[in-house]
Amino acid sequence: MKPITIILTAAILIFINRVCPEHRNGQIASPKGILVSTTDLSKIKEMAASGLEPHSTNVDLFLHYIDSLMQASTAWPLLEDEVVISDRSSNDPIQLSSIGGKLAYGSAIAWHLTGNKKYADKAKNLILDLSRTHGYRNAEHQDFHWGAQGILNLARGGTPYIYAADLLEGWTGWTKNDKLKYQIWLRDVMYPKVAWASRTRKNNWGVAASFSAALISYYLMDQKQWKLTEISPSPKKMSPKDAFESHNEYQLGRLKTSLDWKMDAKVALWGILPNGAIPEEIRRGKDPIDGDYLPSSGSGTEYTMTHIEHLTAHAEFLKRLGDNSLYDHVESDGSGSLFQAYMYVIHNPIKSHCFTKNRINALYMAYNHYKDEAMLNSLKECGPGNISGQRLALFGRLTHPLNIH
């Protein structure tokens, strides 16, 4: 190698190590990220440091939020090795609550925005603490049963931990053994449970679970000899690649209104109707499941937003892999459309609704894809929302920013 080539190579390596921590040790995070890439975060960091809006405000709000969660987490009960869910609570254990997932993922983001090792350490410790757990039965049952609250808590609260682990790739503190320990836990503890809900549930449980199972499969693809085992509703073993494709297919199927994709629907209509209504969520309130609009802002409306929020996270993940199938899916009769589900809520000629302050983070991601004027108007009228998000489409205001005020 010529001297000039050696000098240039060394300079490039120094630059990469200083500017791009995700490339250290020869490891690289997902190039486009799960919901955000390390390149995106570097740009956000640079623009915030320059005082550009909305990045400066967003980053300040974000870091304040994560710091407050880190402080609060010092009083959290330690995770037991066997997790037992009390009172069918979605906040038990707190590490799998909405704020638990946000802290794990948010800490990994904060590491890239600040370079402060305390954030990477926090994300790592949360992941490894989760990796020694098992069980997840309801307290009122002696044994685990399919349908236990722990399945939903893992699908919604555990999935952002994978976002976090992806962002830790390349950091010297996240070792191969750390990753392997986490992967084994995902394979043996989390995957069989969320896979059950992916195969079974038609509502937001199933949406969260199909995304979770697909993301686990994706994260395990480097373990080419592994098989992912499903116990219920029917036993099967699949390679990570085949499982990934299968759960993505189930998510698409969940959008459909046909009899072969009824799954466990509790009412006479299911999927996303041509007008955008989601009967399996609307039934949770008092509004008609096949109405032209949502008369109230009650449970049916909020569960509809939750369904859309979960689905948007999966759609965004696939888009980053070059697959727009969830964002753009529509059946020949107009049913099965995520876009129309948004319109049914936010741009309904009879009555529209604002997405709630946390769920609106998903709308930032959706607008980034659709570039639809009605979505932009809804963000302007109803936003900016909080900085964190709900359960799965997290930190959309930060990662898909719009200067709307």
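About the thresholds
Residues numbered from 1 in each chain as written. Predicted model: local features only at pLDDT ≥ 70, side-chain atom pairs only at ≥ 80, totals over all residues. Heavy atoms only, no water. Helix = DSSP H or I, 4+ residues; strand = E, 2+ residues; numbered from the N terminus. Expected span 1.5 Å × (residues − 1). Buried < 20%, exposed > 50% of the residue type's maximum accessible area, 1.4 Å probe, protein only. pLDDT = per-residue confidence, 0-100. Contact = heavy atoms within 4.5 Å. Salt bridge = Lys/Arg side-chain N within 4 Å of Asp/Glu carboxyl O. Phe/Tyr/Trp six-rings, centres within 6.5 Å; stacked < 30°, edge-to-face > 60°. Lys NZ or Arg CZ within 6 Å of the ring centre and 35° of its normal. Axes fitted to C-alpha atoms, helices over the stretch in contact; angles between N-to-C directions. Parallel < 35°, antiparallel > 145°, perpendicular 65-115°, else oblique. Left-handed = near helix turned anticlockwise from the far one by under 90°. Core = buried A, V, L, I, M, F, W, Y, C linked by side-chain atoms within 4.5 Å.

Visitor: Tell me what's going on with helix H4 (residues 98-114), and back it up with residues and numbers.
Guide: Taking 1.5 Å per residue, 17 residues should reach 24 Å; H4 reaches 23 Å between its end C-alpha atoms and fits that length. For H4, the buried fraction is high: 14 of the 17 residues fall into the buried class. Gly115 lies just past H4 and shows a positive phi near 75°.

Visitor: I'd like a rundown of the confidence of the model for the protein, residues and numbers included.
Guide: Predicted coordinates in regions of low pLDDT should not be interpreted in detail. When the pLDDT values of the protein are averaged, the result is 93; 93% of them are 70 or greater. Predicted confidence for residues 1-27 stays below pLDDT 50, and this span has 29 contacts to residues more than four positions away or in other chains.

Visitor: Now, about unusual backbone geometry: what can you tell me, with residues and values included?
Guide: Of the consecutive residues Glu53 and Pro54, the connecting peptide bond is found in the cis state with omega at 5°. With respect to the element layout, Pro54 can be found in the loop between helix H2 (38-49) and helix H3 (55-73). A cis amide bond, omega 5°, links Ser232 with the succeeding residue Pro233. Mapped onto the elements, Pro233 comes out in the loop between strand E3 (228-230) and strand E4 (236-238). In this structure, Arg88 takes a positive phi of about 50° despite not being glycine. Its place among the elements puts Arg88 in the loop between strand E1 (82-85) and H4. In this structure Arg88 comes out as partly exposed when scored by relative accessible area, which is 37%.

Visitor: Before we move on, could you go through the pattern of salt bridges and cite the residues and values that matter?
Guide: All told, the structure shown has 15 salt bridges when counted by the stated rule. A salt bridge links Arg132 to Asp81; its shortest N-O distance comes to 2.5 Å. With Arg132 in the loop between helix H5 (117-130) and strand E2 (134-138) and Asp81 in the loop between H3 and E1, the pair connects residues that are 51 residues apart, well separated along the chain. The class of Arg132 is partly exposed, set by a relative accessible area of 32%. The residue Asp188 makes a salt bridge to Arg187 at a minimum N-O spacing of 2.6 Å. Via salt bridges that share partners, Asp40, Glu316 and Arg320 belong to a single interconnected network.

Visitor: Pulling in residues and values, what's your account of the packing of aromatic side chains?
Guide: The full count for this structure, using the stated rule, is 17 aromatic pairs. Consider the rings of Tyr218 and Phe244, whose centres lie 6.1 Å apart with planes at 40°: the pair is tilted. Of the two residues, Tyr218 is situated in helix H8 (residues 204-219) and Phe244 in helix H9 (residues 240-254); the sequence distance between them amounts to 26 residues. Pairing Tyr327 with Tyr370 gives two aromatic rings, centres 5.5 Å apart and planes at 80°, and the pair type is edge-to-face. Pair noted here: Tyr327 is in helix H12 (residues 325-328) and Tyr370 is in helix H14 (residues 361-370), with a separation of 43 residues, a long-range link. Judged by relative accessible area, which is 17%, Tyr370 ranks as buried. For Lys193, the ring lying beneath its charged end belongs to Phe144, and the centroid distance is 4.9 Å. Here the basic side chain of Arg201 rests over the ring of Trp205, its NZ or CZ set 4.3 Å away from the ring centre.

Visitor: An account of the packing of H9 against helix H11 (residues 299-319) is requested, with residue identities and associated values reported.
Guide: Closest axis-to-axis distance for the H9/H11 pair is 12 Å, and the angle between their directions is 135°. Judged by the inter-axis angle, H9 sits oblique to H11. Seen from above, H9 lies across H11 with left-handed handedness. Contacts from Phe244, His247, Asn248 and Gln251 in H9 reach Leu311, His314, Phe317 and Leu318 in H11.

Visitor: I'd like to hear about the nonpolar core, residue by residue, with values.
Guide: Phe62, Tyr182 and Tyr342 are the most contacted members of the largest nonpolar core, which has 118 residues in total. With 11 residues, the single largest contributor to this core is helix H6 (residues 149-168). For Phe62, the contacting residues outside a window of four places in its chain are Gly106, Ile109, Ala110, Leu113, Ile387, Phe395 and Leu398.

Visitor: So what's going on with helix H15 (residues 373-382)? Residues and values would help.
Guide: Three or more residues of H15 are buried, namely Ala374, Met375, Leu376, Ser378, Leu379 and Cys382. Packed against the buried residues of H15 are helix H13 (338-346) and H14.

Visitor: Before we move on, could you go through the packing of H13 against H14 and cite the residues and values that matter?
Guide: It is the contact of H13 with H14, at a shortest axis distance of 12 Å, that shows an interaxial angle of 125°. As summarised for this structure, H13 and H14 are arranged oblique, according to the angle between their axes. The handedness of the crossing between H13 and H14 is left-handed. Where H13 approaches H14, its residues Leu338, Phe339, Tyr342 and Ile346 are matched on the opposing element by Ala362, Leu363, Ala366 and Tyr370.

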